[in-house]
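# Observations on chain architecture
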Amino acid sequence: MTRPAWPSAARRALLAAIVLLPLTGCTSDPAPAASPSTAEAAPPAAESVMGIARSVCGTSWTGHGGDRTFLVKNTDTVTTDVELVDPGTGAVYAEVESLAPGTTRPLRVRLGHGAYALRCLPEGVNMLTGPTTRITDGPQDGTPAVLPVDDQDLTGAVSRYRKGVTAGLAVLADDVAALRRALHRGDRADARTAWLTAHLGYERLGAAYGTFDEFADMIDGLPDSLPGGVYDKDFSGFYRIEYGLWHGETPSSLAPEGDRLASDVAKLRHDFPDQRTDPMDLPLRAHEILEDTLQSQLTGTADQGSGTGLATAEANLDGTQAVLDAIAPIMRSRYAGWDQVGVWMGRARRLLKDARRPGGGWTPVASLKTIDRRRLDGTIGALLEELAPIASIGETRRTS
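Let us look at the structure shown here. (Residues numbered from 1 in each chain as written. Predicted model: local features only at pLDDT ≥ 70, side-chain atom pairs only at ≥ 80, totals over all residues. Heavy atoms only, no water.)

### As for the nonpolar core
The line we're drawing: We define a nonpolar core as any set of buried Ala, Val, Leu, Ile, Met, Phe, Trp, Tyr and Cys residues linked to one another through side-chain atoms lying within 4.5 Å. The buried label applies to any residue whose accessible area, calculated with a 1.4 Å probe on protein chains only, is under 20% of its type's maximum; exposed applies above 50%, and partly exposed to all values in between. Labels follow the DSSP assignment, with helices taken as runs of H or I lasting at least four residues and strands as runs of E lasting at least two, numbered in each case from the N terminus.
Counting residues in hydrophobic clusters, the biggest one holds 73 residues, and the most contacted among them are Phe 212, Phe 238, Leu 282, Leu 310, Leu 324, Ile 327 and Ile 390. In terms of residue count, helix H9 (residues 309–331) provides more of this core than any other element does, 12 residues in total.

Given below as structure tokens:
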């Protein structure tokens, strides 16, 4: 669970991975993503421009079902979010985010039978809803509508998640204490075993690295970005100890690193009750944890000698599951692909279980057979596609 060095890039990659997201609005003007069955079909022709402003949210439009492309123009002087909603429930079919003054963007959607209206949310002004149009022709079903999520919806999820992290930090402190004792005794075998136990315990904390702030780098930071690499004085924590234990350094010489790690974990436990968890961290990290796993653990780039990247990947699955458990009450009714997430999580677990060696060891990533590595990469990739929409669906939206 290393802190990603690319938070904004991760967000872009996450959104780019979404193929058929229920909220299918556009934030720029590229052609819409198409399902496999319509990949060769030409996009529907754009319709007349619908002007929006602080006092008006579109005009009446003709009620024909099927694939539609509406052009939405901001005729005002403030940036506005525009949503196509079910006026009865407020559920969102499609959206255009941050529509700047004087800008026109397409809003693409498949309309099924039902009621539709534009909803505008100008900056600094209460939202307003345009005229309702009822669709009675064309396909029965269209783009699914998703009820907006607000901060209050996520409050319970954050509370549940933080409770689990608090318990996990207590276990982590005990595991790090065992590692520290083994290093001071000079027992390499025990230190290696204790290191893996403690490191996996940290990795299972999952989405909390955003809350941990600088402690995440001190406890679980990689040396890649440090000027001195593995010899840099600021290289510390689990990966520093791993490097030493598997590169000939004596356990006793690593005892100060164990002391430092124990001190950092103790400080984190002390500070965590006062650290704020951004509600958006949970929907976003549901995808991001395993994206980092695919990039760092399943390529072997994070391995500092122990060859336990697959064990870390399994712990990251546990961390992702903890996030999913916390947000399940919100997402289960909003995300049509929720059950498929569980299916692919199970497949990934089975493949990682197969990588365990008799006696409890792990096959290093570099030692996997080519077919097994491709199967694992493909499964994690498919799981990431199922997880990707959660960030967009769980993004908090204004409701007034």
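And the narrative resumes.
### Quick look at the packing of helix H3 (residues 188–203) against helix H6 (residues 238–245)
Helix-helix packing is characterised by the crossing angle of the two axes and by the distance between the axes. Where we set the bar: For helices, the fitted line uses only the C-alpha atoms of the stretch in contact; every axis is such a line through C-alpha atoms, and the angle between N-to-C directions lies from 0 to 180 degrees. Angular relationships are summarised with four words: roughly parallel below 35 degrees, roughly antiparallel beyond 145, roughly perpendicular across 65 to 115, and oblique for the angles in between. By convention, the crossing between two helices is left-handed when the near helix turns anticlockwise from the far helix through less than a right angle, and right-handed when the turn is clockwise. Residues are treated as being in contact if the distance between any of their heavy atoms lies within 4.5 Å. Residue type decides the class: Asp, Glu, Lys and Arg count as charged, Ala, Val, Leu, Ile, Met, Phe, Trp, Tyr, Cys and Pro as nonpolar, and the leftover types, Gly among them, as polar.
At a minimum axis distance of 11 Å, the contact between H3 and H6 shows a crossing angle of 155°. As summarised for this structure, H3 and H6 are arranged roughly antiparallel, according to the angle between their axes. Seen along the crossing, H3 lies across H6 with a hand that is left-handed. Side by side, H3 and H6 meet where Arg 188, Ala 191, Arg 192, Trp 195, Ala 198, His 199, Tyr 202 and Glu 203 of the first sit next to Phe 238, Tyr 239, Ile 241, Glu 242, Gly 244 and Leu 245 of the second. Among the residues making up the contact of H3 with H6, the classes are represented as 8 nonpolar, 2 polar and 4 charged.

### Thoughts on the pattern of salt bridges
Here is the rule we go by: Each reported salt bridge corresponds to a side-chain nitrogen of Lys or Arg within 4 Å of a carboxyl oxygen of Asp or Glu.
Following the criterion strictly, the structure yields 15 salt bridges and no others. Linking Asp 318 and Arg 204 is a salt bridge whose minimum nitrogen-to-oxygen distance equals 3.0 Å. With Asp 318 in helix H9 and Arg 204 in the loop between H3 and helix H4 (209–212), the pair connects residues that are 114 residues apart, well separated along the chain. What makes Arg 204 partly exposed here is its relative accessible area of 38%. Notably, a salt bridge pairs Arg 375 with Asp 372, separated by 3.1 Å at the nearest N-O pair. With Arg 375 and Asp 372 both in helix H11 (residues 370–393) and 3 residues apart, the pair spans about one turn of that helix. By relative accessible area, which is 38% here, Arg 375 ends up partly exposed.

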